[in-house]
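Summary of structural features
Residue strings, one per chain:
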Amino acid sequence: MDKVLARGSGSAAARSRPRTAVVAMVAGAAMVAATIAVATSASAGTTLGASAAEQGRYFGTAVAVNKLSDSTYVGILNREFNMVTAENEMKWDATEPSRNQFNFSAGDRLVAHAQANGMRVRGHALLWHQQQPGWTGSLSGSALREAMINHVTQVATHYRGKIHSWDVVNEAFDDGNSGARRNSNLQQTGNDWIEAAFRAARAADPGAKLCYNDYNTDNWSWAKTQGVYNMVRDFKARGVPIDCVGFQSHFNSGSPYPSNYRTTLQNFAALGVDVQITELDIEGSGSSQATSYGNVTRDCLAVARCNGITVWGIRDTDSWRASGTPLLFDGSGNKKQAYTAVLNALNEGGTPPPTTAPPTSTPPTSTPPTSTPPTSEPPTTPPPTGACTATFTTNQWPGGFVTNVRITAGSSGLNGWTVSLTVPSGSAITNTWSAQASGTTGAVTFRNVDYNRQVGAGGTTEFGFQGTGTAPSGTPACAAG
Ligand code: 9MR
């Protein structure tokens, strides 16, 4: 987080600076590294955002877009915070209410508000077992997998270049002592669903940090924490594109702030990912609540790769747990003791973030597309008379492309398939999902992976790839086997 995001004076100069920050954000990792270097002033800030920025961090809140007309709410939001998360507006049910028909209006309003006020945006959440639209209920197996990957691709493409970090997958681990994955409809599409989602998200928005986000993963000794840790370690070892882990940190008497919280953050960061506190709220009041808030803040500041803190709402009355008064402002918008504890902890300072950009993602090699991404399926083709047919849609921008290929099985169905096409000379595939590619340029053959090997008669499956240069054109050849 660069110091140019510090706000609070309300002067014209202060208001104009954040636009620079938005540009810097999309300009790639080198620019971020350069701007971090200026975040060394020791002066104490007077707002959460400004004080966090002094420490090279952000301070964010969840926002309910329908409250943007509440002047008290917006006054606090614009004064105190420099990161926002859509509380519900970017979730699957909100963004894709009917299959492949996307509605970004509420999410776009939040992004516009953030950009106009120098805030960044955390994207929440591409995939979650809750808040799915009704139509996913009738899907399973490869059909659900396809819908899921399409959702990730379309939403992340829509917001490409505008999101600091995406919660790509939310709450995929079981509570209790197993440390295992939660049994959800998404999990039932195959254990590799999480990595497939991360690869699709990377292809759609190479500039966003990609996070796994969960709750009850704060206490280092809990089985769920260990389960997530093992997954992240495995992803890093195998090159799955994960950049960060989000710790929701919803604390109450049943799940209190744990004394080993800092250890948890440190151990995850040591895997080579950033850590972020993503949905902080702490039930309680007075000095005990304030102490826990101060501890969380100091723990983040003690870990170089802790990028920032987001609280899950502004006033107690805005909270999903309103009766537990878990936030930093009371129902009237007054600062609570907890607010002062956080501000003081921020102003005490901590470990600066790394001065070089963390090795999170390959920076975009080209300008993001300015055109609206495709929001509709490729045209439906009549059932093929041969084994299968393949059609594709491409999102091309100067210097790069993302292509999604749809395979339709013939009347015999498929038990394994290949699709061949030609990547023009000078162009190259950099990333493929839901298929294995034989090469990166020239004549390339894509072969099914396990979960999409079988396609019923007349059924469809999809895979995709991202590349530099010019996308393939023409009709791809599809074959069984
Ligand atoms: O705060 C959100 C609330 O308005 C919604 O009704 C609820 C629906 O499940 O989701 C809440 O936000 C959750 C977040 O998306 C994921 N982590 C837990 C949050 C609190 O339930």
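The rules behind the values
- Residues numbered from 1 in each chain as written.
- Predicted model: local features only at pLDDT ≥ 70, side-chain atom pairs only at ≥ 80, totals over all residues.
- Heavy atoms only, no water.
- Helix = DSSP H or I, 4+ residues; strand = E, 2+ residues; numbered from the N terminus.
- Polar contact = N/O pair within 3.5 Å; in protein donor to acceptor, adjacent residues only side chain to side chain.
- Contact = heavy atoms within 4.5 Å.
- Expected span 1.5 Å × (residues − 1).
- Buried < 20%, exposed > 50% of the residue type's maximum accessible area, 1.4 Å probe, protein only.
- Phe/Tyr/Trp six-rings, centres within 6.5 Å; stacked < 30°, edge-to-face > 60°.
- Near = heavy atom within 4 Å.
- Areas by Shrake-Rupley, 256 points an atom, 1.4 Å probe, with all protein chains shown as cover.
- Nonpolar A, V, L, I, M, F, W, Y, C, P; charged D, E, K, R; others polar.

With that out of the way, let us pick up the side chain of Ser165. If you trace the backbone, Ser165 turns up in strand S4 (residues 165-170). Of the polar contacts made by the side chain of Ser165, one reaches the side chain of Gln276; its length is 2.9 Å. If we skip the residues at most four places from it in the chain, Ser165 touches Val121, Arg122, Gly123, Lys209, Cys211, Cys244 and Gln276.

In this section: helix H9 (residues 223-238). Between its first and last C-alpha atoms H9 spans 23 Å; for 16 residues at 1.5 Å apiece the expected length is 22 Å, and the two agree. Buried residues of H9: Lys224, Thr225, Gly227, Val228, Tyr229, Met231, Val232 and Phe235, and no others. Of the surrounding secondary structure, the elements contacted by the buried residues of H9 are helix H8 (193-204), strand S5 (209-214), strand S6 (244-247) and helix H10 (261-269). Directly beyond the C-terminal end of H9, a positive phi value near 80 degrees is found at Gly239.

What follows concerns the packing of aromatic side chains. Within this structure, the stated rule accounts for 19 aromatic pairs. Cluster of aromatic residues (ring-pair linked, three or more members): Phe102, Phe104, Tyr159 and Trp166.

Our next topic: the site of the ligand. Around the ligand, the structure places 14 residues, and the nearest of them are Glu87, Lys91, His124, Glu171 and Glu279. Within the side chain of Glu171, an N or O atom sits 2.8 Å from a nitrogen atom of the ligand. When the ligand sits alone it has 450 Å² of accessible area, and the protein chains cover 77% of it. Classifying every residue of the shell around the ligand gives three nonpolar, seven polar and four charged.

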